[in-house]
Amino acid sequence: MASGCRIVGSPVANMPWEERLGEADDVMWRYSGNPVIPRNLLPFSNSIFNSAVVPFNDGFAGVFRCDNKNRQAWIHSGTSPDGFHFEIDPEPIRFNCPEPEIAEYVEAYDPRVCWIEDRYYVTWCNFYHGPTIGMGYTHDFKTFHQMENAFLPYNRNGVMFPRKINGKYAMLSRPSDTGHTPFGDIFYSESPDLCYWGRHRFTMGTSMGWQSKKIGPGPVPIETTEGWLLFYHGVLNSCNGYVYSMGAALLDLEKPWKVICRTKPYLLSPQTLYECVGDVPNVVFPCAALADTDSGRIAIYYGCADTVTGLAFCKVDEVVDYITNHSEV
Ligand code: BMA
């Protein structure tokens with residue numbers, strides 16, 4: 001029974017899409033051509049995963065996590081005419097930065113890109129005496145400007161909301177530690193100017209099963225008529241290591257730290273070869289979503305086994321129905 005939930009925002013011309021194939025009846029399904037970005041798209045890349053794609057001009061652009069053959073993680077800009085075929089700049093992004101103290105960073109990974117007002121903001125896990133949330137912006141995916149880090153170390157998964165909420169910029173994040181953090185909840189923070197962040201609010205914590213060890217925000221939340229649709233990752237600590245799956249929640253439009261509902265079962269878990277086998281097995285890690293207002297179609301880019309990038313699809317009314325009917329808050 002479709003809820004009639006609609007996406008609030010703009011249509012996406014040339015939206016990448018593929019209908020469900022065969023007997024699949026899951027609310028989310030994979031692109032048959034996955035992995036949509038192979039690990040070796042660049043001659044020196046060890047892996048390309050956990051990357052962000054947004055509508056840009058007549059096609060798409062993005063910021064991509066490319067780990068090189070020295071096994072250093074960097075973020076690179078790239079473009080795509082159709083959301084399926086990508087061209088990535090072999091040179092990592094070099095930000096213009098007026099503050100030498102924060103300009104020197106050792107690694108950069110897990111980017112998100114968010115259009116707000118007049119530009120694309122990039123957030124990423126920035127190494128500044130430990131992992132924290134780096135911030136920058138671009139107008140054209142050629143020139144990038146670095147801003148102040150949003151938070152003190154240690155933090156990962158800085159995910160901005162695509163508009164001001166109650167007059168303030170807003171961001172979700174997951175406070176962290178120096179390593180493979182064995183805990184993790186999602187917090188909401190706001191800022192008057194994108195420099196000073198405060199009024200931190202607990203949003204969501206761990207729950208049962210696939211999301212019992214830690215959770216973290218994924219793509220930029222999608223505004224819908226029912227609330228902010230947030231896709232997120234959840235981690236199970238198995239006897240063979242961490243297993244990363246994807247779920248979704250609906251957050252209150254005006255008080256996004258209030259969770260309306262969230263998935264008790266996962267929406268997507270590592271089940272295909274490219275999700276189960278790679279540098280870090282059993283990882284599904286969503287970082288970007290394209291959402292078309294006219295059709296209600298959603299396309300999600302997610303990292304697979306810390307090695308390649310996958311693409312999955314769902315429809316806003318079906319996914320919101322599913323969350324509502326399979327919720328545990
Ligand atoms: C997280 C991050 C991600 C990675 C995931 C699985 O803590 O470091 O970059 O995809 O672990 O290894």
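See the structure above.
Remember, it's a predicted structure, so these values are computed and weren't measured experimentally.

Some details on the pairing of strand S20 (residues 284-291)
- Among the eight residues in S20, seven count as buried, and that is most of the element.
- Judged from the seven bridges that link them, S20 and strand S21 (residues 297-304) form a sheet pairing that is antiparallel. Bridging from a neighbouring strand, phenylalanine 285 pairs with glycine 303 of S21.
- In textbook terms, the turn of a hairpin is the stretch between consecutive antiparallel strands, and for S20 and S21 this stretch comprises five residues, one of which, glycine 296, has a positive phi near 75 degrees.

With respect to the sheet that holds strand S22 (residues 308-315)
- The four strands are arranged S1-S22-S21-S20 in an open sheet whose pairing can be described as antiparallel. One side of each edge strand has no neighbouring strand; the edge strands of this open sheet are strand S1 (29-30) and S20.
- Sheet analysis places S1 next to S22, joined by two bridges and oriented antiparallel. What sits directly across from arginine 30, in S22, is alanine 312.
- On top of the sheet, helix H3 (residues 316-325) reaches S1, S21 and S22; it is set at about 85 degrees to S22, its chief contact.

What to know about the site of the ligand
- Looking at the ligand, the residues that line it are Asn50, Arg65, Asp110, Tyr244, Val280, Val283, Phe285 and Asp306.
- Contacts to the ligand include asparagine 50, whose side-chain N or O atom sits 2.9 Å from an oxygen atom.
- Taking tyrosine 244, its side chain carries an N or O atom lying 2.9 Å from an oxygen atom of the ligand.
- Taken by itself the ligand offers 300 Å² of open surface, and the protein chains cover 85% of this.

Focus: the environment of leucine 172
- You can see leucine 172 is positioned in strand S12 (residues 169-175).
- Accessibility expressed as a relative area gives 0% for leucine 172, which makes it buried.
- Spatially, the C-alpha atoms of leucine 172 and aspartate 317 are 24 Å apart, while their sequence positions differ by 145 residues.

A word on unusual backbone geometry
- For the bond from asparagine 34 to proline 35, the omega torsion is -5 degrees, close enough to zero to count as cis.
- Looking at where proline 35 falls in the secondary structure, it is placed in the loop between S1 and strand S2 (45-56).
- With a phi angle near 70 degrees, leucine 194 is a residue other than glycine that sits in the positive phi range.
- Along the chain, leucine 194 falls in the loop between strand S13 (186-191) and strand S14 (198-204).
- Positive phi, normally seen in glycine, also occurs at arginine 199, with a value near 45 degrees.
- Among the structural elements, arginine 199 can be located in strand S14.
- What makes arginine 199 exposed here is its relative accessible area of 53%.

A short note on the packing of aromatic side chains
- Going through the model one piece at a time under the given rule, you end up with 23 aromatic pairs.
- Seen in terms of ring centroids, tryptophan 17 and tryptophan 29 are 5.5 Å apart; in terms of plane orientation they differ by 80 degrees. Their pairing is edge-to-face. Placement of tryptophan 17 in the segment before S1 and of tryptophan 29 in strand S1 is noted, with a sequence separation of twelve residues between them. For the pair tryptophan 17 and tryptophan 29, one class covers both residues: buried.
- An aromatic cluster is built from Phe56, Phe95, Trp115, Tyr120, Trp124, Phe141 and Phe144, whose rings are joined through pairwise contacts.
- Above the ring of tyrosine 137, the side-chain terminus of arginine 119 is found at 4.5 Å from the ring centroid.
- Its end group placed over the ring of tryptophan 257, arginine 201 keeps NZ or CZ at 5.9 Å from the ring centre.

Scoring rules and cut-offs
Residues numbered from 1 in each chain as written. Predicted model: local features only at pLDDT ≥ 70, side-chain atom pairs only at ≥ 80, totals over all residues. Heavy atoms only, no water. Buried < 20%, exposed > 50% of the residue type's maximum accessible area, 1.4 Å probe, protein only. Helix = DSSP H or I, 4+ residues; strand = E, 2+ residues; numbered from the N terminus. Pairing = 2+ DSSP bridges. Contact = heavy atoms within 4.5 Å. Axes fitted to C-alpha atoms, helices over the stretch in contact; angles between N-to-C directions. Near = heavy atom within 4 Å. Polar contact = N/O pair within 3.5 Å; in protein donor to acceptor, adjacent residues only side chain to side chain. Areas by Shrake-Rupley, 256 points an atom, 1.4 Å probe, with all protein chains shown as cover. Phe/Tyr/Trp six-rings, centres within 6.5 Å; stacked < 30°, edge-to-face > 60°. Lys NZ or Arg CZ within 6 Å of the ring centre and 35° of its normal.

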